[in-house]
Amino acid sequence: MFATMVVTIQGVLLFVPVFLALLITTVVSTSSSLSTAVSPYIRHSFSLSRRGLSWFRVACGFAILLDIATRFTEIDVWNSDDGLVSREKKLQLCSQESSQPTWATTCNWSIHMATGSHTGQTLLLLIHSTLAIMLIIGWRARETALILYLYTESLHNFARFSTGSVGGDFLKVSLFWAWQLPIEVNEGRRSRRSRRSRMREEKVSSSNYQDHTDEMVFTPATCCFVLTFCIIYWD
């Protein structure tokens, strides 16, 4: 079911960037004369700074909190069975949108379908908010980003017939790639300590020191992230 969800929702925003990222990293890693000439330009174009990734992590967390806050104001209207669209009605609408059986479509994939009460939906949103706060402070950031991606996908599928959401597909795509990027707080600290150790060993003067948070990261995940948003804005 998860594979079906990813294929249906991400589509070109997932597989095309992955293919191009593998091609780019292969070109950079080869030792041909052409690769040597273009490698610095490719690395510069598809690298991300650690400081920028930290702010990206924080921005995703606040975007999720804002999205949840807007949904809290209309939780009885769109999330409750006593509102405009009950869970039974959602399933009927989803079945009409797709010829696939019930619960086989991405429209129906949602843990929020487990309850239609005000208390249950409030609890789910509170858990969602807690995960967003964990992402902001950077506690197990990559694992939290993965859980948040699934949780946000679930919420958007459940409330797809409601009006108003913050981020939409942009937020989901950002979370999908966030858990594959070096967004952890402790990773940056470890890297700074190791850099300082190397500097002491090499006796590099402090005037030439550059904080590691400003260093650039080049990985297949950074390539996919950049290419994904290039495709989004190209469309």
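It should be noted that the structure appears before, not after, this text.
Every value quoted in this text rests on a predicted model; they were computed, and no experiment measured them. (Residues numbered from 1 in each chain as written. Predicted model: local features only at pLDDT ≥ 70, side-chain atom pairs only at ≥ 80, totals over all residues. Heavy atoms only, no water.)

Caption draft 1: Inspection of the overall build of the protein at higher detail. In terms of regular secondary structure, the protein is built from eleven helices and two strands. Element order for the protein, N to C, with α for helix and β for strand: α-α-α-β-α-α-α-α-α-α-α-β-α. Out of the 235 residues in the protein, the part that is buried amounts to 45%. In the protein, of all internal contacts separated by at least 6 residues, the share reaching a separation of at least 24 is 75%. (Helix = DSSP H or I, 4+ residues; strand = E, 2+ residues; numbered from the N terminus. Buried < 20%, exposed > 50% of the residue type's maximum accessible area, 1.4 Å probe, protein only. Contact = heavy atoms within 4.5 Å.)

Caption draft 2: A look at the side chain of S110. The topology assignment puts S110 in the loop between α6 (87–97) and α7 (118–137). A polar contact is formed between the side chain of S110 and the backbone oxygen of S154, at a distance of 2.9 Å. (Polar contact = N/O pair within 3.5 Å; in protein donor to acceptor, adjacent residues only side chain to side chain.)

Caption draft 3: Looking closely at helix α9 (residues 169–178). In terms of residue burial, α9 counts as a mostly covered element, since eight of its ten residues are buried. Those residues of α9 that fall on the buried side of the exposure criterion are L171, K172, V173, S174, L175, F176, W177 and A178.

Caption draft 4: The arrangement of a nonpolar patch on the surface in detail. On the surface, F19, L23 and V27 cluster together to form a nonpolar patch covering roughly 290 Å² of accessible area. Mapped onto the elements, L23 comes out in helix α2 (residues 12–29). (Patch = residues over 30% accessible without salt bridge, like charges linked within 9 Å, V, L, I, M, F, W, Y side chains within 5 Å. Areas by Shrake-Rupley, 256 points an atom, 1.4 Å probe, with all protein chains shown as cover. Salt bridge = Lys/Arg side-chain N within 4 Å of Asp/Glu carboxyl O.)

Caption draft 5: Just the nonpolar core, in detail. One finds I24, F46, L135, L175 and I183 to be the most contacted residues of the largest nonpolar core, which totals 41 residues. Of all the secondary-structure elements, those providing two or more residues to this core are α2, α3 (33–46), α4 (50–72), α7, α8 (141–158), α9 and α11 (220–234). Per-element accounting of this core gives the leading share, eight residues, to α11. Not counting chain neighbours up to four residues away, the residues in contact with L135 comprise R57, C60, G61, A141, T144, A145, L148, L175 and I183. (Core = buried A, V, L, I, M, F, W, Y, C linked by side-chain atoms within 4.5 Å.)

Caption draft 6: Representation of the packing of α4 against α7 in the model. Contact pair α4 / α7: the axes reach a minimum separation of 8 Å and the direction vectors enclose 160 degrees. The angle between α4 and α7 falls in the class roughly antiparallel. For the pair α4 and α7, the crossing hand works out as left-handed. Packed against α4, whose contacting residues are R57, V58, C60, G61, F62, I64, L65, I68 and F72, the element α7 presents T122, L125, L126, H128, S129, A132, I133, L135, I136 and I137 at the interface. Taken together, the residues of the contact of α4 with α7 sort by class into 14 nonpolar, four polar and one charged. (Axes fitted to C-alpha atoms, helices over the stretch in contact; angles between N-to-C directions. Parallel < 35°, antiparallel > 145°, perpendicular 65-115°, else oblique. Left-handed = near helix turned anticlockwise from the far one by under 90°. Nonpolar A, V, L, I, M, F, W, Y, C, P; charged D, E, K, R; others polar.)

Caption draft 7: Seen up close, the side chain of Q121. Within the secondary structure, Q121 sits in helix α7. You can call Q121 buried: its relative accessible area is 0%. A polar side-chain atom of Q121 sits 3.3 Å from a polar atom in the side chain of N79.

Caption draft 8: Examining the pattern of salt bridges more closely. Taken as a whole, this structure holds five salt bridges when the rule is applied. Here E184 makes a salt bridge to R142, at a shortest N to O gap of 3.6 Å. Of the two residues, E184 sits in the loop between α9 and α10 (185–202) while R142 sits in helix α8, which places them 42 residues apart along the sequence. Among the ionic pairs, K172 bridges to D169, the shortest N-O distance being 3.1 Å. Of this pair, K172 and D169 are both found in helix α9, three residues apart, which corresponds to roughly one turn of the helix. Its relative accessible area of 6% is what places K172 among the buried residues.

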